[in-house]
Each structure stands twice: as structure tokens, then as C-alpha cells.
Amino acid sequence: MKKSILLLVLFAGLTASVTAQSLRQTEKIDDNQVPVEIQKAFQKDFGKIPDDGYWTASFTVEHNGARSVAKPLSYTYHKKNKNEKIEVRYTVDGKLDFAKGLERSKEPNS
């Protein structure tokens, strides 16, 4: 009997810890879903956003009881064709995290 109760308590604890963990996901998003701060940072760093590319958002989903909350981690611009591959990633606060395939605009000396 004691073993059954102990197993039940362990199973309940394991189930609670697994469901409480956040899941990291990446999904393709529309241009209008990219925060203005991220778009402005891209334009400041590289100029006009190239056509024919797409944005993805990486985020975690945290479960809090019956509620699920998505918290963004980064936004990435992608463009691929035969001649070029562009990938530019920004943190949620608009800081450039990674860039491949585009040259950064020259900043004027301060």
C-alpha cells in the first residue's frame, strides 16, 4: 500500500514538472506581425528590407494552469534563392544578434 502511494506521488510530481516546462518554438510570421522596433533596426543596420523574404519568430510557450503565454525570444529575416542566402536575427529589444548574407551599413563617425 505504501509503495502504491509513493508511486502515485512520484507520478504526480513528474507530470507536474513536465507540463510546467516551457517549449521553444519557431514559426513563420507575416511582415505586419514584426514589431516596428525590429523593422527600424533592420533598416538602420542594412537599409531597405529585401523583397521576397520572410520573417520567423522564436518564442517559448509557458503554461500557467489553464493559461498559455507566448514570450518572444528573437525575430529572424530569411531570404533564399540560387544566388544568395540572407539570415538576420534580432533580439526582442532590437539588437542585432546574427547576420549572414548582408553587409551592414556604414555608420557615421560620432
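Preceding block: the structure.
In this report, the structure presented in the accompanying data block is examined. (Residues numbered from 1 in each chain as written. Predicted model: local features only at pLDDT ≥ 70, side-chain atom pairs only at ≥ 80, totals over all residues. Heavy atoms only, no water.)

On to the packing of aromatic side chains. How two aromatic rings sit relative to each other is given by the distance of their centres and the angle of their planes. The full count for this structure, using the stated rule, is 5 aromatic pairs. Here Phe42 and Tyr77 contribute two aromatic rings whose centre-to-centre distance is 5.5 Å and whose plane-to-plane angle is 65°, an arrangement assigned as edge-to-face. Residue Phe42 is found in helix α2 (residues 36-46), and its partner Tyr77 is found in strand β3 (residues 67-80); the two are separated by 35 residues along the sequence. A relative accessible area of 0% means that Phe42 is categorised as buried. Each ring, one from Phe42 and one from Tyr90, has its centre 6.4 Å from the other, and the planes form 55°; the classification is tilted. Residue Phe42 is located in helix α2, and its partner Tyr90 is located in strand β4 (residues 85-91); the two are separated by 48 residues in the primary sequence. (Phe/Tyr/Trp six-rings, centres within 6.5 Å; stacked < 30°, edge-to-face > 60°. Helix = DSSP H or I, 4+ residues; strand = E, 2+ residues; numbered from the N terminus. Buried < 20%, exposed > 50% of the residue type's maximum accessible area, 1.4 Å probe, protein only.)

What follows concerns the pairing of strand β2 (residues 54-64). Direction of pairing for strand β1 (residues 23-29) relative to β2: antiparallel, over a ladder of 7 bridges. The residue bridging Thr26 from the neighbouring strand is Ser58, located in β2. One ladder, built from 11 bridges, connects β2 with β3; its direction is antiparallel. Counted as the bridge partner of Trp55 is Tyr77 from β3. (Pairing = 2+ DSSP bridges.)

Right, let's talk about the sheet that holds β1 for a bit. Note: strands within a sheet are paired through backbone hydrogen bonds, in either parallel or antiparallel orientation. If you walk across this open sheet you meet the 5 strands as β1-β2-β3-β4-β5, and the pairing is antiparallel. Only two strands of the sheet have a single neighbouring strand rather than two, namely β1 and β5 (96-100). Sheet twist, expressed as the mean angle between neighbouring strand axes with direction ignored, is 20°. Of the strands in this sheet, β2, β3, β4 and β5 touch α2, which is tilted by about 125° from β4. (Axes fitted to C-alpha atoms, helices over the stretch in contact; angles between N-to-C directions. Contact = heavy atoms within 4.5 Å.)

We now examine the side chain of Asp45. One can find Asp45 in helix α2. A distance of 3.2 Å separates a polar atom in the side chain of Asp45 from a polar atom in the side chain of Arg104. Ignoring sequence-local partners within four residues, the contact set of Asp45 consists of Tyr90, Leu96, Glu103, Arg104 and Ser105. (Polar contact = N/O pair within 3.5 Å; in protein donor to acceptor, adjacent residues only side chain to side chain.)

Moving on to the nonpolar core. Formed by 14 residues in total, the largest nonpolar core has its most connected members in Phe42, Trp55 and Tyr90. Every element with two or more residues in this core is listed here: α2, β2, β3 and β4. Per-element accounting of this core gives the leading share, 4 residues, to α2. Here Tyr90 is in contact with Ile38, Ala41, Phe42, Asp45, Phe46, Ser74, Tyr75, Lys95, Leu96 and Asp97, once residues within four sequence places are set aside. (Core = buried A, V, L, I, M, F, W, Y, C linked by side-chain atoms within 4.5 Å.)

An α-helical segment advances 3.6 residues per turn. Residues three or four places apart therefore align on the same side. Within α2 the residues assigned to the buried category are Ile38, Ala41, Phe42, Asp45 and Phe46. Along the axis of α2, the buried residues cluster in a sector spanning 100°; they form a single face. Structural note: α2 exposes Val36, Lys40 and Lys44 on the side pointing more than 90 degrees away from its buried face. In the core, the buried residues of α2 are packed alongside β2, β3, β4 and β5. Just downstream of α2, Gly47 is the residue with a positive phi angle, here 90°. (Arc of directions from axis to C-beta.)

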